[in-house]
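# Summary of the model geometry
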Amino acid sequence: DAGITQSPRHKVTETGTPVTLRCHQTENHRYMYWYRQDPGHGLRLIHYSYGVKDTDKGEVSDGYSVSRSKTEDFLLTLESATSSQTSVYFCAISEGDSSGLYEQYFGPGTRLTVT
Amino acid sequence: RKEVEQDPGPFNVPEGATVAFNCTYSNSASQSFFWYRQDCRKEPKLLMSVYSSGNEDGRFTAQLNRASQYISLLIRDSKLSDSATYLCVVLMDSNYQLIWGAGTKLIIKP
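Counting from 1, residues in each chain are numbered in the order their sequence is written. For naming, the first written chain is A and the first written ligand is 1, with later ones following in the order written. In view of the model being predicted, local features appear only for residues whose pLDDT reaches at least 70, and side-chain atom pairs are presented and counted only at 80 or more, with totals across whole chains, interfaces and linings using the full set of residues. Side-chain measures here rest on the full set of heavy atoms in the structure, leaving out hydrogens and waters.

### Let's talk about the overall build of chain A
Going along the chain from the N terminus, every DSSP run of H or I of four or more residues is numbered as a helix, and every run of E of two or more is numbered as a strand. Counting its secondary structure elements, chain A contains 0 helices and 11 strands. For chain A, the α and β elements follow one another from N to C terminus as β-β-β-β-β-β-β-β-β-β-β. Radius of gyration: C-alpha atoms only; globule rule: 2.2 Å multiplied by the number of residues to the exponent 0.38. Scaling as 2.2 N^0.38, a compact globule of 115 residues should have a C-alpha radius of gyration of about 13 Å, and chain A matches this with 13 Å. Considered along the principal axes of its C-alpha atoms, chain A spans approximately 40 × 30 × 25 Å. Among the 115 residues that make up chain A, the fraction classed as buried is 48%. Here, residues are in contact when the closest pair of their heavy atoms is within 4.5 Å. The contacts of chain A with a sequence gap of at least 6 include a subset with a gap of at least 24, amounting to 55%. Burial classification: accessible surface area is computed with a 1.4 Å probe over protein chains only, and a residue below 20% of its type maximum counts as buried, one above 50% as exposed, and the rest as partly exposed.

### Re the interface of chain A and chain B
Opposite the 19 residues of chain A that make contact, chain B presents 19 residues. Both sides of the chain A and chain B interface together cover about 1600 Å² of buried area, and 54% of this is carbon and sulfur. What counts as buried area is the accessible surface, traced by a 1.4 Å probe, that two parts surrender upon association, with contributions from both included. Per-residue buried area on chain A facing chain B is highest for Tyr102, Glu103 and Phe106 of chain A; these three make up 32% of the total on that side. Pairing of N or O atoms within 3.5 Å defines a polar contact, subject to two protein rules: one partner must be a possible hydrogen donor and the other a possible acceptor, and residues neighboring in sequence count only if both atoms are side-chain atoms. Linking chain A to chain B there are 4 residue pairs in polar contact (both at pLDDT 80 or more).

### Considerations on the sheet that holds strand β3 (residues 19-25) of chain B
Residues and elements named next belong to chain B. As summarised here, the arrangement of the 5 strands in space is β1-β3-β8-β7-β6, forming an open sheet in which the pairing is antiparallel. Strands at the two margins of the open sheet, each flanked by one partner only, are β1 (4-6) and β6 (55-57). Mean inter-strand twist for the sheet, computed between neighbouring axes without regard to direction, equals 20°. In short, DSSP must find at least two bridges between two strands for them to pair. Looking at chain direction, strand β7 (residues 60-65) and strand β8 (residues 70-75) are connected through 6 bridges and run antiparallel. Axes, fitted as lines to C-alpha atoms, cover a helix only where it is in contact. Angles between the N-to-C directions of the axes lie from 0 to 180 degrees.

All we've got here are geometric facts, nothing functional implied.
Below, the structure written as structure tokens:
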């Protein structure tokens, strides 16, 4: 299995509070991604990173920000959590276009509940 | 129309049977396709990549039909452990992002 960890694994927070989720990889892959997964939807991309300090928005980026200060760490911040952000959040990594390999490998997920 | 569509199922199949499901995609320029497997409350895991000629891995066969814009997954001699949700994924050549289907749930019954 790819060396990807996420923390915390579960979190309950109140509406309006900031929340930061962490993804850590030991594979030295260039690309890192944050997705959310909700019933009836495919995985939806929130933000992704193609290198240290290089990030871009995905399909559902409103209300989220990211940072990548080291190759191995990718942080997702919910600036002011809302109930609509209750979801399962997955981090993924891939080697990306430098090697022509686009397959993504996932962390175990974080279950976030906003009350 | 969703960019990647799958029948949500569930497909209830007896152990040992053969089962197949399709996934349709809307972008005719897509070049790369994947099948992932996701167990309940777990992360998705890559099952197989699907290239132009299709490919086979043991009991699993993936095919690509560009003319009709769908990919298929065939599972032979199904096992109880094959019970999972199967996610179809398409690589968008315009931005190299993956577009995910919502998944097809498969239940293998003894």
